Amino acid sequence: MWFVVVLIVGGGLGWAAVNRPWVPKPVLVAVELVSPGPASRVLAVNGRVTPAREVEINSTVTGRVSTVMVDEGDSVNQNTPLLSIDDTQQRAAVAQAQAQVEAAGARLAQAKMDYERAQGLENSISQKSLDDARLAVETAQKEVDRLASLLEQGRDLLEQHTVRAPFPGTILTRSADPGQVVNSSTPLFLFAELTSLHGEASVDELYASEVKRGLVVKARPAGHTGIIDGKVVYVSPRVDASTGGRLVRVSLPGAADLALPVGLTVTLNIVVEEQSEAITLPRGALIAGEVPAVYVIVDGKAVRRPVQYIDWPSERLIATSGLEAGDVLVAESKAVAREGALVAPKE
């Protein structure tokens, strides 16, 4: 029995001699060797594919729809008739105005003849009679001009009974049918030019001031593996108070060739800044607290180091001060219990 006890005690002493449990052991942590390199700040937002131009088409006159010449998905040229409104009454009004112009023209012609006759009898008629004849011509001419203007207005109103395409484009939605009574507030069609597409998104106000026209964008439409190179072409001058977002529009050259549908989700990676020599750190290296800081390893111990960085919604951040090339940075600050703790890099 005593022999077994001696073996146990001997073995324990041997283990203690090798492992030395009374000596503190360093905690193994993941580290990074700080070194400058290329870095960029990219803002990724989800948006939708939108046309470069999109309008809601309404009628400028009130009436009953006679014919709808197009349907959703149809592509048309500029001035192509889309819809006609019953113009029976307006045609009658134009015909009446035309007759009035012709009658006034006949009266003008007669007045001119009378004036010419009066001029030929200038020596045998009074000056008043001559002036009256001249005044009659002027009055008849004004009446012709007035009625001609009314006729032109009537013809223009008649033309408005046919709704036409404002530019080459595609019918996105159709909201009118024959027999329907419409007016200027009735939506008839949603019409868009699809030869040039944009990506449209709302950028959170925390980062909205960083987005400017001309920034490079890498866009990935949903369901596509390819990347479309675009640029920011519009930034709203205001932040929507109800959403806290700022509208941004991005050009998507070549997207029309992919036949991307309007409304498709597209991820817009907006390159806000690029640096050729930047010091970066993983977000997990930051120590929780009011003052930004990280741990670096100095002589086998975790040393707290205050840092400044550009806050950005990404896993890696660009440091502006506090770190230098060659520093050994603890990549995950939670692995360190306190400042001064013994630490060693993981293999």
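Above this text sits the structure in question.
Basis of the calculations
- Residues numbered from 1 in each chain as written.
- Predicted model: local features only at pLDDT ≥ 70, side-chain atom pairs only at ≥ 80, totals over all residues.
- Heavy atoms only, no water.
- Buried < 20%, exposed > 50% of the residue type's maximum accessible area, 1.4 Å probe, protein only.
- Helix = DSSP H or I, 4+ residues; strand = E, 2+ residues; numbered from the N terminus.
- Pairing = 2+ DSSP bridges.
- Phe/Tyr/Trp six-rings, centres within 6.5 Å; stacked < 30°, edge-to-face > 60°.
- Lys NZ or Arg CZ within 6 Å of the ring centre and 35° of its normal.

### Points about the pairing of strand β6 (residues 81–85)
- Burial analysis of β6 places 4 of its 5 residues in the buried class, the great majority of the element.
- Note: strand β4 (residues 63–68) against β6, 3 bridges, orientation antiparallel. By the bridge assignment, Thr-67 is partnered in β6 with Ser-84.
- Here β6 runs beside strand β7 (residues 162–164); their pairing, made up of 3 bridges, is antiparallel. If you follow Pro-81 over to β7, its bridge partner there is Arg-164.

### Section: the packing of aromatic side chains
- Under the criterion given, the structure shown has 2 aromatic pairs.
- Note on Phe-167 and Phe-191: the rings are 5.2 Å apart at their centroids and 50° apart in plane angle, and the pair reads as tilted. Taken together, the residues Phe-167 in the loop between β7 and β8 (169–174) and Phe-191 in strand β10 (residues 187–204) connect sequence positions 24 residues apart. Taken individually, Phe-167 and Phe-191 each receive the classification buried, so the pair is uniform in this respect.
- Relative to Trp-312, the ring of Tyr-207 lies with its centre 5.2 Å away and its plane at 70°, an arrangement referred to as edge-to-face. Here Trp-312 lies in the loop between β17 (308–309) and β18 (316–321) and Tyr-207 lies in helix α4 (residues 205–208), a separation of 105 residues in the sequence. Of the two residues, Tyr-207 and Trp-312, both sit in the buried class.
- The ring of Trp-312 is capped by Arg-41, whose NZ or CZ atom sits 4.7 Å from the centre of that ring.

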